[in-house]
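Understanding the architecture of this molecule
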Amino acid sequence: MAPVAPRSGDAIFANVERVNAELFTLTYGAIVRQLLTDLEEVEEVNKQLDQMGYNIGVRLVDEFLAKSNVSRCVDFKETAEVIAKVGFKMFLGVTASVSNWDAEGTTCSIILEDNPLVDFVELPDTCQGLYYCNILSGVIRGALEMVSMKTEVTWLRDMLRGDDAFELQVKLLKQVPEEYPYKDDE
Amino acid sequence: MAGTNAVDFNHRQHGAQQCKNVADMRCRYLYDCRIWAAKNGRILLCYPRNYVKKPPSLISPSPPVPTASGNNAYMLYIFNRNGVCLLYREWNRPLKTLNSQQDHKLMFGLLFSLKSLTAKMDPTCVDKGNLGVPQLPGQGCSFHSFRTNTYKLSFMESPSGIKIILVTHPRTGDLRESLKYIYNLYVEYVVKNPLYSPGTPVRCELFDTTVDQYVRGLG
């Protein structure tokens, strides 16, 4: 039986249930606001957003794999392309691009021109240092960990801080193949 | 009440009035009775379910279902990448030789080894690691079923390490699409449930019912 080809992000995006973009943006904004009120420290909020993103990513990856039919990516380059073209399109409705590969092919940048999370948002002076979209870095990290890749995801450019686009740097730390989980004496 | 001699149909004796949360045409497993209760609380039908003595399953208790003629499947297992059995459903398994824990370990170990072996024996693959070196899930060739004279075992593994195993009648066709559908069901009912902690056995009645219904319809 011929392997089923992966569906493009557009096709899946057209088929999944969608939610109103404003509702999504405002809900996310409310979450960040509440975190700022509860935790007060901007660094703490960044960490908490990353953790929330991680928990989301761990679950999101199964939905992504089930709906998009992608088979295992051959290398990290393909993984990054799939995240940018299919993943972002499927869940956020925007397409990202991948660039700035390093020599070994373990680090790349995912660039988002358009980001639905930050519509209507402006950072006040009291929140300098806040990575408003840090949930995205957690999501990518969590999702990749479930497919045996340990990564580090950081923000290089952030439009809310005056840059012209959102740029995420994804660095592959190591591939963790699965091991037989039971001890041999059992 | 002992509940072992569940032959009589008198629901009052079984304490049907103890039915809580009486809902619209929902079946309530009360002691040994299967009670269908209507919206107004009136008991419509009450009869004893098939009384099959089973060892208590710690993973996913599955009520014994009488095997209907359309029921092709014998068992279903769902494992995650760490060997935790997330779901075990059983519809037709007269012979049980091991307890649940051993059975799950055996099944997981069998598939782990089979995957490794089939990948290493692949004649079309250029790069072969050493036997015993673990592979990344989804990499290389992947086996999808084996058949014996009494059953057929179909297997699917997602790149995130979720393994779905369905044991059916030996003359069943290719079940890869069905396993993909079950994976979709898993995503919808289990993964998206915020009250479910990933990596723990699934206790979701709705998921169990939906899977039962789907598997019953498989040719």
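The name given to chain B in an unreviewed UniProt entry is Trafficking protein particle complex subunit, with Fraxinus pennsylvanica as the source organism. Under Sequence similarities (unreviewed entry), UniProt gives the following word-for-word description of chain B: "Belongs to the TRAPP small subunits family. BET5 subfamily."

As recorded in an unreviewed UniProt entry, chain A goes by Trafficking protein particle complex subunit and comes from Fraxinus pennsylvanica. One UniProt comment on chain A, placed under Function (unreviewed entry), says "May play a role in vesicular transport from endoplasmic reticulum to Golgi." Listed under Subunit (unreviewed entry) in UniProt, the entry text for chain A is "Homodimer."

1. Remarks on the pattern of salt bridges
Scanning the model with the defined rule gives 17 salt bridges over all chains in all. With a closest N to O distance of 3.9 Å, Lys 85 of chain A and Glu 81 of chain A form a salt bridge. Placement of the pair is Lys 85 of chain A and Glu 81 of chain A together in helix 4 (residues 76-92), with a separation of four residues, close to one helical turn. Classification of Lys 85 of chain A as partly exposed rests on a relative accessible area of 36%. Taken together, the shared-partner salt bridges connect Glu 63 and Lys 67 of chain A together with Glu 188 and Lys 192 of chain B into one network.

2. With respect to the nonpolar core
Formed by 80 residues in total, the largest nonpolar core has its most connected members in Phe 88, Leu 130 and Leu 136 of chain A together with Ile 164, Leu 166, Tyr 186 and Phe 207 of chain B. The contact partners of Leu 130 of chain A, leaving out residues within four places of it in the chain, are Val 32, Leu 36, Val 42, Val 45, Asn 46, Leu 123, Asp 158 and Arg 161 of chain A. By size, the runner-up hydrophobic cluster in this structure holds 16 residues, among which are Phe 79, Leu 111, Phe 155 and Ile 165 of chain B.

3. Thoughts on helix 1 (residues 100-120) of chain B
Residues and elements named next belong to chain B. For helix 1, with 21 residues, the first-to-last C-alpha span of 30 Å sits near the 30 Å given by 1.5 Å per residue. For helix 1, the full list of buried residues reads Asp 103, His 104, Met 107, Phe 108, Gly 109, Leu 111, Phe 112, Lys 115, Ser 116, Ala 119 and Lys 120. Along its buried surface, helix 1 packs onto strand 4 (73-79), strand 5 (85-90), strand 7 (152-157) and strand 8 (163-168). Structurally, the start of helix 1 carries an N-cap: the backbone nitrogen of Gln 101 is 3.1 Å from a side-chain oxygen of Asn 99.

4. Details of the interface of chain B and chain A
Bring the parts together and some accessible area is lost; that lost area is often taken as the interface size. Contact with chain B, which involves 37 residues of that partner, is made by 27 residues of chain A. Of the roughly 2,600 Å² buried at the junction of chain B and chain A (both faces included), carbon and sulfur atoms supply 57%. At the boundary of chain B with chain A, the tally comes to eight residue pairs in polar contact (both at pLDDT 80 or more). With 10 residues, the top contributor of residues to the side of chain B that touches chain A is helix 2 (residues 176-191) of chain B. Taken together, the residues of the side of chain B that touches chain A sort by class into 15 nonpolar, 11 polar and 11 charged.

Quick notes on the rules
In this convention, every chain numbers its residues from 1, walking through the sequence in written order. For this description, chains carry letters from A and ligands carry numbers from 1, given in the order in which they are written. Only residues with pLDDT of at least 70 are given local features in this predicted model, and only at 80 or more are side-chain atom pairs given and counted; all residues enter the totals for whole chains, interfaces and linings. To get the side-chain values, take all heavy atoms of the structure and skip hydrogens and water. UniProt positions are given in the numbering used here, feature names are shortened, and annotations may be inferred rather than shown by experiment. Any Lys or Arg side-chain nitrogen located within 4 Å of an Asp or Glu carboxyl oxygen qualifies as a salt bridge. The way it works is that DSSP assigns letters per residue, a run of H or I at least four long becomes a helix, a run of E at least two long becomes a strand, and they are numbered from the N terminus. A 1.4 Å probe rolled over the protein chains alone gives each residue an accessible area, and that area as a share of the maximum for its type sets the label: buried under 20%, exposed over 50%, partly exposed in between. To form a nonpolar core, buried Ala, Val, Leu, Ile, Met, Phe, Trp, Tyr and Cys residues must be joined to one another through side-chain atoms within 4.5 Å. We call two residues in contact when some of their heavy atoms are within 4.5 Å. One less than the number of residues in a helix, times 1.5 Å, gives the span that helix is expected to have. Under this definition, polar contacts are N or O atom pairs within 3.5 Å; protein pairs additionally need one hydrogen-donor-capable and one acceptor-capable atom, and for neighbouring residues in sequence, both atoms have to be side-chain atoms. Accessible area, probed at 1.4 Å, shrinks when two parts are joined; the buried area is that loss added up over both. Lys, Arg, Asp and Glu make up the charged group, whereas Ala, Val, Leu, Ile, Met, Phe, Trp, Tyr, Cys and Pro make up the nonpolar group; the residues left over, Gly among them, are polar.

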